[in-house]
Amino acid sequence: MKVTIVGAGAVGASCAEYVAIKNFASEVVLLDIKEGYAEGKAMDLMQTATLNGFDTKITGSTNDYSKTANSDIAVITSGIPRKPGMTREELIGINAGIVKEVSASLIKHSPNVTLIVVSNPMDTMTYLVHKTTGLPKNKIIGMGGALDSARFKYRLSEALECPPSDVDGMVIGGHSDTGMVPLTRLATRNSVPVKAFLSEDRLNQVSEDTKVGGATLTKLLGTSAWYAPGAAVSGLVQAIACDQKKMFPCSALLEGEYGLNDLCIGVPAILGKDGLEKIVELQLNDAEIAKMKESAEGVKKTNGLLDV
Ligand SMILES: NC(=O)c1ccc[n+]([C@@H]2O[C@H](COP(=O)([O-])OP(=O)(O)OC[C@H]3O[C@@H](n4cnc5c(N)ncnc54)[C@H](O)[C@@H]3O)[C@@H](O)[C@H]2O)c1
Ligand SMILES: O=C(O)C[C@H](O)C(=O)O
C-alpha cells in the first residue's frame, strides 16, 4: 500500500506520522515544493521508526512526482493555511491554483489513485478536483467532517465531564466557521441522547464552540491546527487502505442526496477499498435540513469564485 502526501508542512507531516504509527502502509512518500523540506521531514520521521515501532518506509521528494508513481492513495495538504482573523474562504486565490496543479501531477503518475483533499477552503477544493481531473467520483474525498466531529466529541465530553470515549456524534455540512452542522439531536453518551444530560443552552454552546474550532486554534497557535487534522486524515487513509467500510462525514459530490446538487459538502459516507463507497442519507428534521441548505448556499457561493 503506497500513500503519497503532497505538502510536507504541519498537516502533511502529522498525517505521515499517524499513518506510519498505525503501521498499515508499506510506503509513504512526502512531496513538497520547498527544496529538501520533504526529504528532511521524511528522514526525521524515519528516525522515530525504532522508537515508535513501525515498519512503514517514509521517503521525501522535492517536487519529483515520478517518486509518487502508482500510489494507491494521495493526500493533498499543499497550500497556505490561514492566519488569525482570516476565514478559510480567503485562501481560495492561492490554494485553487496549487490544488489544481498538484492533483493533475498526481494523477499523471498514479491514474488509479484515490485522492483525499485537505487544503482549504476544502469543500470548494474538493469540487475543483472533481471538475478538473476526470477521476470517478468515488475516488475524490474531502476531509473536514472527521475533524469537525472529533472536535464536537471533545466539546461534548467537556460539557458532560466524561471521557471522550463515552461520546459519539457527527458534524455534517460545510467545513467553515458558519457552515458546520453539529448533529446534537443524534449525539449520544453510551447510547443515551446527550440532551438527557445537557440543557439546550449548553448544547448550543457546544455547537458554537465546535463550529469555530479551527478559528479558535488558529488564534492560539498563530497558524491553523495540525495534530487533529493529521489524525483525522490518517483515519480516512486507513479506512480506504484496509477496506474497513468505516463511516466518516466526508465532503462528497452530491447528485440529489440531501436534496442538493452539484457541490461537495460534508455528509456521512462509507469508506473502503473503492474510496467513497456509499453516501448515507440520514433522516434529518426540518431545522437540520434548513441548516444544511444554508450551509450548501455558502459552499456554492465560494465555488462561484472558481474559474471552472
Ligand atoms: N480540511 C481540513 O480539515 C484542514 C485541516 C487543517 C489544515 N487544512 C489546510 O491544509 C493546508 C495545509 O496546512 P498546513 O498547516 O500544513 O500548512 P503548511 O504551510 O505547514 O504546509 C503547507 C505545505 O505545502 C507546501 N506547498 C505549497 N505549494 C505547493 C505545491 N505546489 N506543491 C507541493 N507543496 C506545496 C508548502 O511548501 C508547505 O510545506 C492549508 O490550506 C490548511 O488550511 C485543512
Ligand atoms: O481552521 C483552519 O483554517 C484549518 C482547518 O480547516 C481546521 O479546521 O483546523
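Conventions we followed
- Residues numbered from 1 in each chain as written.
- Chains lettered and ligands numbered in written order.
- Predicted model: local features only at pLDDT ≥ 70, side-chain atom pairs only at ≥ 80, totals over all residues.
- Heavy atoms only, no water.
- Near = heavy atom within 4 Å.
- Polar contact = N/O pair within 3.5 Å; in protein donor to acceptor, adjacent residues only side chain to side chain.
- Areas by Shrake-Rupley, 256 points an atom, 1.4 Å probe, with all protein chains shown as cover.
- Helix = DSSP H or I, 4+ residues; strand = E, 2+ residues; numbered from the N terminus.
- Nonpolar A, V, L, I, M, F, W, Y, C, P; charged D, E, K, R; others polar.
- Domains from an automatic or database assignment.
- Buried < 20%, exposed > 50% of the residue type's maximum accessible area, 1.4 Å probe, protein only.
- Contact = heavy atoms within 4.5 Å.
- Phe/Tyr/Trp six-rings, centres within 6.5 Å; stacked < 30°, edge-to-face > 60°.
- Lys NZ or Arg CZ within 6 Å of the ring centre and 35° of its normal.
- UniProt positions renumbered as here; feature names shortened; annotations may be inferred.
- Salt bridge = Lys/Arg side-chain N within 4 Å of Asp/Glu carboxyl O.

Draft legend 1. Spatial organisation of the site of ligand 1. In the vicinity of ligand 1, 27 residues are found, and the nearest of them are V11, D32, I80, N120 and M143. Between V11 and ligand 1, the recorded distance is 2.9 Å, taken from a backbone N or O atom to an oxygen atom. For ligand 1, an oxygen atom lies 2.9 Å from a polar atom in the side chain of N120. Bound to the protein, ligand 1 loses 89% of the 860 Å² it would expose on its own. When contributions to the shell around ligand 1 are tallied by element, the ones reaching two or more residues are α1 (10-22) and α4 (92-109). The residue makeup of the shell around ligand 1, split by class, is 16 nonpolar, nine polar and two charged. Two domains each provide a minimum of three residues to the shell around ligand 1, namely domain 1 (2-143) and domain 2 (145-304).

Draft legend 2. Expanded view of the environment of P182. Position of P182 relative to the elements: it lies in strand β9 (residues 180-182). Since its relative accessible area comes to 12%, P182 is described here as buried. For P182 and F152, which are 30 residues apart along the polypeptide, the C-alpha to C-alpha distance reads 7.1 Å. Filtering out sequence-adjacent residues up to four positions away, P182 remains in contact with F152, M170, V171, S207, T210 and K211.

Draft legend 3. Spotlight on the site of ligand 2. R82, R88, N120, L147, R151, H175, G214, T218 and S224 make up every residue found near ligand 2. One of the side-chain N or O atoms of R151 is found 2.8 Å from an oxygen atom in ligand 2. Across the complex, the protein chains shield 94% of the 260 Å² of accessible surface that ligand 2 would expose by itself. Put simply, the parts of the chain that give the shell around ligand 2 at least two residues each are α6 (145-160) and α8 (213-221). The residue inventory of the shell around ligand 2, partitioned by class, reads one nonpolar, five polar and three charged. Taken domain by domain, the makeup of the shell around ligand 2 includes at least three residues from each of domain 1 (2-143) and domain 2 (145-304).

Draft legend 4. Local environment of the packing of aromatic side chains. This model, assessed by the stated rule, comprises one aromatic pair. Each ring, one from W226 and one from Y227, has its centre 5.6 Å from the other, and the planes form 50 degrees; the classification is tilted. Taking the relative accessible area as the measure of exposure, W226 reaches 25% and is therefore partly exposed. One Lys or Arg, K34, reaches over the ring of Y37 and ends 3.9 Å from the middle of that ring. Looking at R189, its charged tip hangs above the ring of F197, at a distance of 5.6 Å from the centre.

Draft legend 5. View of the UniProt feature "binding site: substrate" (unreviewed entry) in the protein. Feature annotation in UniProt places "binding site: substrate" (unreviewed entry) on R82, R88, N120 and R151, given in this structure's numbering. Along the polypeptide, R82 turns up in the loop between β4 (73-76) and α4. With a relative accessible area of 4%, R82 lands in the buried category. Each residue touching R82, except ones within four places of it in the same chain, is listed here: T87, R88, L91, D177, G214, A215, T218, T223 and S224. On the basis of relative accessibility, which here comes to 3%, the residue R88 falls in the buried class.

Draft legend 6. Spatial organisation of the pattern of salt bridges. Under the defined criterion, the tally for this structure stands at 13 salt bridges. With its nearest N and O atoms 3.0 Å apart, the salt bridge here joins D177 to R88. Highlighted residues: D177 in the loop between β8 (171-173) and β9 and R88 in the loop between β4 and α4, separated in sequence by 89 residues. Between K273 and D274 there is a salt bridge whose closest N-O contact spans 3.6 Å.

Draft legend 7. Structural view of the UniProt feature "binding site: NAD(+)" (unreviewed entry) in the protein. In this structure's numbering, the residues bearing the UniProt feature "binding site: NAD(+)" (unreviewed entry) are G7, A8, G9, A10, V11, G12, D32, N95, V118, S119 and N120. With respect to the secondary-structure elements, D32 resides in strand β2 (residues 27-32). What makes D32 buried here is its relative accessible area of 9%. Ignoring sequence-local partners within four residues, the contact set of D32 consists of G7, A8, G9, Y37, A38, S61, T62 and N63. Within the structure, the side chain of D32 is placed 2.7 Å from the backbone nitrogen of A8, a separation counted as a polar contact.

Draft legend 8. Focus on the side chain of S157. Tracing the chain through its elements places S157 in helix α6. You can call S157 buried: its relative accessible area is 6%. In contact with S157, other than residues within four places in its own chain, are C162, P163, P164 and V167.

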